[in-house]
Amino acid sequence: MDIRALRYFLALVREGSFTKASEKLFVTQPTISKMIRHIEAELDRSLLIREGRNFTLTDSGQVLFQRGQTILAEMQQLEAELAELANLDNLQHGRLSLGIPPMVGYLYADLISTYRTRYPNVELDLVEYGGRRIERAVLEGEVELAITMLPTLENGFNTLKLDQFPIQVVLPDEPRWRDNTPLRMEALQEEPFLLYTQAVTLNERLEQACKEAGFVPKVASRSSQWGFLTAMVRCGMGVAFLPEPACSLINQQGLILRPLEPELSWQLGVIWPHERPQSSTAEAWLALCRKRRESHGAPKRLVRGL
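All values derive from a computational prediction rather than experimental measurement.

Some thoughts on the overall build of the protein chain
Within the protein chain one finds ten helices and eleven strands. Along the longest, intermediate and shortest principal axes, the C-alpha atoms of the protein chain span 70 × 50 × 30 Å. Burial statistics for the protein chain: of 306 residues in total, 48% are counted as buried. Carbon and sulfur atoms provide 49% of the accessible area of the protein chain, an area that totals close to 15,300 Å². Computing the positive centroid from 35 side-chain charges and the negative centroid from 38, the protein chain places the two 3 Å apart.

So this is what it looks like as structure tokens:
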């Protein structure tokens, strides 16, 4: 069976639509359909029940999806073991699948650029998922390693801490908030909260902080976009929370930013599975991450005062 066709099939099932799968794989929908038909012809059985633009899996499709994840993980392990024979300093080819949440990617653009410059012939596949989905993707072998928020919910990961940033409260510019002192979460109990979507790991940390403060937040709205959340704060719809790196990216006019007490942190790091050999391409990435950590200090902290 063509491993690429299997990868297309798994991506189709995970994404739930031909449109999303084609966008993720950077191929056309007819290409994915052709690959699926090839697998069906080879196995002499249908994998999908097509209903217009939607589909469901046949029993055979369910079996292939479950077994296919194992097969793909085994193939990646085989590639990793063979790639270990290469010297990192002379890495001339290979592939690295790296998971990275959309909210995190801009912080490590320089690291990605350094990797591409040093290893121009390595195919770098960046997969953008929310934090918890990224953890599953690493465990299932869809991606080899990932940058995400720590600590992880799942067990079974090695971790390399990269950075840690305080989280700021974003408030409307009103007289009652014009104070530079840290805010306790309890002081926000009666305020409408503008939180992140459930796919964003930081959202879990904020809801846990509210629970520890003895209340359940009154959620006015949710979004995965920092700019949209802060725009709603500016309009007086509620309060939001941003990691310090994001504070420099927003228009702060009409807003007040204050730290929390006790401090709530946004900690980021690289994760990869226990007991799964890493490819040379992944080892090269981890080597760059360790070098960056050594040069920046571990973990990195930003100075307040935004």
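There's more to say after this.
Examining the side chain of Thr-201
For Thr-201, the position within the fold is in helix H7 (residues 201–212). Here Gly-131 takes part through its backbone nitrogen, which lies 3.4 Å from a polar atom of the side chain of Thr-201. Other than its neighbours up to four places away in sequence, Thr-201 contacts Gly-131, Arg-132 and Met-149.

Describing the packing of helix H1 (residues 3–15) against helix H3 (residues 29–43)
Where H1 meets H3, the closest approach of the two axes is 9 Å, and the angle between their N-to-C directions is 115°. For the element pair H1 / H3, the angle class is roughly perpendicular. Helix-helix and strand crossings are classified by hand; for H1 and H3 the assignment is left-handed. On H3, the residues touching Arg-4, Ala-5, Leu-6, Tyr-8, Phe-9 and Leu-12 of H1 are Thr-31, Ile-32, Met-35, Ile-36 and Ile-39. Classifying every residue of the contact of H1 with H3 by side-chain character gives nine nonpolar, one polar and one charged.

Regarding the packing of aromatic side chains
For any pair of aromatic rings, the description consists of the separation of the ring centres together with the inter-plane angle of the planes. A full pass over the atoms with the stated rule returns eight aromatic pairs. On the basis of an interplanar angle of 40° and a centroid distance of 6.1 Å, the ring pair of Phe-165 and Trp-266 is categorised as tilted. Of this pair, Phe-165 sits in strand E6 (residues 157–172) while Trp-266 sits in strand E11 (residues 265–273), and the two are 101 residues apart along the sequence. In this structure, Phe-165 and Trp-266 share a single accessibility class: buried. The rings of Tyr-106, Phe-165, Trp-226 and Trp-266 are connected pair by pair, giving a single aromatic cluster. The positively charged end of Arg-133 is found above the aromatic ring belonging to Tyr-129, 4.0 Å away from the centroid.

With respect to the pairing of strand E7 (residues 192–195)
Across four bridges, E7 lies against strand E8 (residues 218–222) in parallel orientation. Following the sheet pairing, Leu-194 is matched in E8 by Ser-221. Assessed by its sense of winding, the connection that carries the chain from E7 through H7 to E8 is right-handed.

Overview of H1
A rise of 1.5 Å per residue sets the reference length of H1, with its 13 residues, at 18 Å; its end C-alpha atoms lie 18 Å apart and thus fit the reference within 8%. All of the buried residues in H1 are Ala-5, Leu-6, Tyr-8, Phe-9, Leu-10, Ala-11, Leu-12, Val-13, Arg-14 and Glu-15. Among the residues of H1, the N-terminal cap falls to Asp-2, whose side-chain oxygen and the backbone nitrogen of Arg-4 are separated by 2.8 Å. Backbone geometry just after H1 places Gly-16 at a positive phi near 85°.

A short note on the nonpolar core
Core analysis: the biggest nonpolar cluster contains 65 residues, and Met-185, Phe-241, Val-270 and Trp-285 have the highest contact counts within it. Top element by residues in this core is E6. It accounts for seven residues. Ignoring anything within four residues of it in the chain, the contact list for Trp-285 reads Leu-96, Leu-98, Leu-111, Ile-112, Tyr-115, Leu-145, Ile-147 and Val-270. Within the second largest apolar cluster, 22 residues are counted, among which are Met-35, Ile-36, Leu-47 and Leu-64.

Conventions adopted
- Residues numbered from 1 in each chain as written.
- Predicted model: local features only at pLDDT ≥ 70, side-chain atom pairs only at ≥ 80, totals over all residues.
- Heavy atoms only, no water.
- Helix = DSSP H or I, 4+ residues; strand = E, 2+ residues; numbered from the N terminus.
- Buried < 20%, exposed > 50% of the residue type's maximum accessible area, 1.4 Å probe, protein only.
- Areas by Shrake-Rupley, 256 points an atom, 1.4 Å probe, with all protein chains shown as cover.
- Lys, Arg positive; Asp, Glu negative; His and termini not counted.
- Charge placed at Lys NZ, Arg CZ, Asp CG, Glu CD.
- Polar contact = N/O pair within 3.5 Å; in protein donor to acceptor, adjacent residues only side chain to side chain.
- Contact = heavy atoms within 4.5 Å.
- Axes fitted to C-alpha atoms, helices over the stretch in contact; angles between N-to-C directions.
- Parallel < 35°, antiparallel > 145°, perpendicular 65-115°, else oblique.
- Left-handed = near helix turned anticlockwise from the far one by under 90°.
- Nonpolar A, V, L, I, M, F, W, Y, C, P; charged D, E, K, R; others polar.
- Phe/Tyr/Trp six-rings, centres within 6.5 Å; stacked < 30°, edge-to-face > 60°.
- Lys NZ or Arg CZ within 6 Å of the ring centre and 35° of its normal.
- Pairing = 2+ DSSP bridges.
- Right-handed = clockwise from strand over helix to strand, strands pointing away.
- Expected span 1.5 Å × (residues − 1).
- Core = buried A, V, L, I, M, F, W, Y, C linked by side-chain atoms within 4.5 Å.

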